[in-house]
Amino acid sequence: GAVVSQHPSWVICKSGTSVKIECRSLDFQATTMFWYRQFPKQSLMLMATSNEGSKATYEQGVEKDKFLINHASLTLSTLTVTSAHPEDSSFYICSASKGGETQYFGPGTRLLVL
Amino acid sequence: EDQVTQSPEALRLQEGESSSLNCSYTVSGLRGLFWYRQDPGKGPEFLFTLYSAGEEKEKERLKATLTKKESFLHITAPKPEDSATYLCAVQAFDSNYQLIWGAGTKLIIKP
């Protein structure tokens, strides 16, 4: 149990376009979902925390208008990178939590902005 | 300030050579300590959650232990497929369930 999926697994887009990444908890209801960004050979950097039906809480330095997060149901959260630029290229990972403690991670989405 | 330090940064072992990874932490009220395994290009895979000093958990060749200041991940008779980066994270009671991560230990098991 506790399987989390992400889609797409990788995406290439042109600068200025928007990209949506989906995160789904497949076999449990996730009261809280988290979005991370990871640079090569570095640890995970938390971008935002979202609770179902509520607005996401963004970490300091993360632009909420650029990284739109929607947690519309207990099994789905989406991250939309708006007007993507090459510096947004990264590995984006979501996690989901049943009751707030243990986080179960998705496989990640690699974004390349040309 | 809440902090997590993992050592060593990297560890190379021969297949079958047992060893331990260390995770030292300072946190204002520990809710839980978590161990994950991450393979290149993938998301972290959950291994263990430890809640209180003295607690131990085992899974196949891995055993995690916890004291009031640190946690150890013991690897017994490792195999090449155990090669990965092992991440430690802590969660404080007043943290809104956010995790504070260590930098990880890259484990390489040579056949």
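Just above sits the structure.
The written sequence of each chain sets the order in which its residues are numbered from 1. Lettering of chains starts at A and numbering of ligands starts at 1, both following the order in which they are written. Under the rules for a predicted model, residues below a pLDDT of 70 receive no local features and side-chain atom pairs below 80 are neither given nor counted, while totals for whole chains, interfaces and linings still include all residues. The basis for every side-chain value is the complete set of non-hydrogen atoms in the structure, without hydrogens or water.

**Q** Quick question: what am I supposed to make of a nonpolar patch on the surface here?
**A** Residue and element names in this part refer to chain A. Taken together, the side chains of Trp10, Ile12, Leu112 and Leu114 present a nonpolar region at the surface, about 460 Å² in accessible area. Secondary structure elements follow DSSP: runs of H or I no shorter than four residues count as helices, runs of E no shorter than two count as strands, and numbering proceeds from the N terminus. With respect to the helices, strands and loops of the structure, Trp10 is situated in strand 2 (residues 10–13). Relative accessible area serves as the criterion here: at 59%, Trp10 is assigned to the exposed category. Surface patches are defined over residues having more than 30% relative accessible area and no salt bridge, joining like charges when they lie within 9 Å and nonpolar side chains (Val, Leu, Ile, Met, Phe, Trp, Tyr) when within 5 Å. Working definition of accessibility: Shrake-Rupley area with a 1.4 Å probe, residue cover restricted to the visible protein chains. Salt bridges are counted wherever a side-chain nitrogen of Lys or Arg sits within 4 Å of a carboxyl oxygen of Asp or Glu. Working definition: with a 1.4 Å probe on protein chains only, accessible area under 20% of the residue-type maximum means buried, over 50% means exposed, and in between means partly exposed.

**Q** I keep staring at the pairing of strand 5 (residues 45–50) of chain B and nothing clicks. Help me out?
**A** Two faces belong to every sheet, and in a regular strand the side chains alternate between them. Paired strands are those between which DSSP finds at least two bridges. Two elements, strand 4 (residues 30–38) of chain B and strand 5 of chain B, share 5 bridges in a ladder whose sense is antiparallel. Bridge pairing in strand 5 of chain B links Leu33 of chain B to Leu50 of chain B.

**Q** In this structure, what is going on with the pattern of salt bridges? I would like to understand it.
**A** Working definition: two side chains of opposite charge can pair if their charged atoms are close together. Considering all chains together, one arrives at 6 salt bridges over all chains under this definition. Note that Lys66 of chain A and Asp88 of chain A form a salt bridge whose closest N and O atoms lie 2.9 Å from each other. Taken together, the residues Lys66 of chain A in the loop between strand 6 (57–58) and strand 7 (67–73) and Asp88 of chain A in the loop between strand 8 (76–81) and strand 9 (90–97) connect sequence positions 22 residues apart. With respect to class, Lys66 of chain A is no different from Asp88 of chain A; both count as buried. Close ionic contact of Asp39 of chain B with Arg37 of chain B constitutes a salt bridge, the shortest N to O distance being 3.1 Å.

**Q** How should the interface of chain A and chain B be read in this particular structure?
**A** Size of an interface, as often reported, equals the accessible area lost when the parts are brought together. Residues are treated as being in contact if the distance between any of their heavy atoms lies within 4.5 Å. Each side of the interface is counted separately: chain A has 20 residues, and chain B has 20 residues. Between chain A and chain B lies a buried interface of about 1500 Å² when both sides are counted; carbon and sulfur atoms form 53% of it. For the purposes of these results, a polar contact is taken to be a pair of N or O atoms within 3.5 Å, where, inside protein, one atom must be able to donate a hydrogen and its partner to accept one; residues adjacent in sequence count only when each atom of the pair is a side-chain atom. One can count 7 residue pairs in polar contact (both at pLDDT 80 or more) joining chain A with chain B. Those elements that place two or more of their residues in the side of chain A that touches chain B are strand 4 (32–38), strand 5 (44–51), strand 9 and strand 10 (103–105) of chain A. Each residue is assigned to one class: nonpolar for Ala, Val, Leu, Ile, Met, Phe, Trp, Tyr, Cys and Pro, charged for Asp, Glu, Lys and Arg, and polar for all the others, Gly among them. Taken together, the residues of the side of chain A that touches chain B break down into 9 nonpolar, 8 polar and 3 charged. Accessible area that two parts lose when put together, with a 1.4 Å probe and added across both, is what the buried area reports.

**Q** In this structure, what is going on with the packing of aromatic side chains? I would like to understand it.
**A** Aromatic ring pairs are described here by two measures, namely the spacing of the ring centres and the angle between the planes. Only centres within 6.5 Å qualify two rings of Phe, Tyr or Trp (six-membered ring in Trp) as a pair; their planes then separate them into stacked at under 30 degrees, edge-to-face at over 60, and tilted for everything else. The tally for this structure, following the rule as stated, stands at 9 aromatic pairs over all chains. With a centroid separation of 5.5 Å and an interplanar angle of 45°, the aromatic rings of Tyr36 of chain B and Trp101 of chain B are classed as tilted. Placement of the pair is Tyr36 of chain B in strand 4 and Trp101 of chain B in strand 10 (residues 100–101), with a sequence separation of 65 residues. Both residues of the pair, Tyr36 of chain B and Trp101 of chain B, belong to the buried class. Every member of this aromatic cluster is reached through a ring pair, and the members are Phe28, Tyr36, Tyr104 and Phe105 of chain A together with Tyr36, Phe46 and Trp101 of chain B. In this scheme, the term charge over a ring applies when either NZ of a lysine or CZ of an arginine sits within 6 Å of the ring centre and within 35 degrees of the ring normal. Lys98 of chain A extends its terminal NZ or CZ atom over the ring of Phe28 of chain A, reaching a point 5.7 Å from the ring centre.

**Q** Would you explain the sheet that holds strand 8 of chain A in this entry?
**A** The strands making up a sheet associate through hydrogen bonds between their backbones, and the pairing can be parallel or antiparallel. Residue and element names in this part refer to chain A. Ordered in space as 1-3-8-7, the 4 strands form an open sheet in which the pairing is antiparallel. Either end of the sheet is taken by a strand with one partner, and the two such strands are strand 1 (4–7) and strand 7. Neighbour-to-neighbour, the strand axes of the sheet open up by a mean angle of 15°, direction not taken into account. In this structure, strand 3 (residues 19–25) lies alongside strand 8, joined through 6 bridges in antiparallel fashion. The residue bridging Val19 from the neighbouring strand is Val81, located in strand 8. Axis definition: a line fitted to C-alpha atoms, over the contacting stretch in the case of helices. Angles run 0 to 180 degrees between N-to-C directions.

**Q** Can you help me understand the environment of Leu73 of chain B in this one?
**A** Residue and element names in this part refer to chain B. If you trace the backbone, Leu73 turns up in strand 8 (residues 70–75). Owing to a relative accessible area of 0%, Leu73 belongs among the buried residues under this scheme. As for Leu73 and Cys88, which are separated by 15 residues in sequence, their C-alpha atoms are 9.4 Å apart. Ignoring sequence-local partners within four residues, the contact set of Leu73 consists of Ser19, Ser20, Leu21, Trp35, Phe48, Leu62, Lys63, Ala64 and Tyr86.

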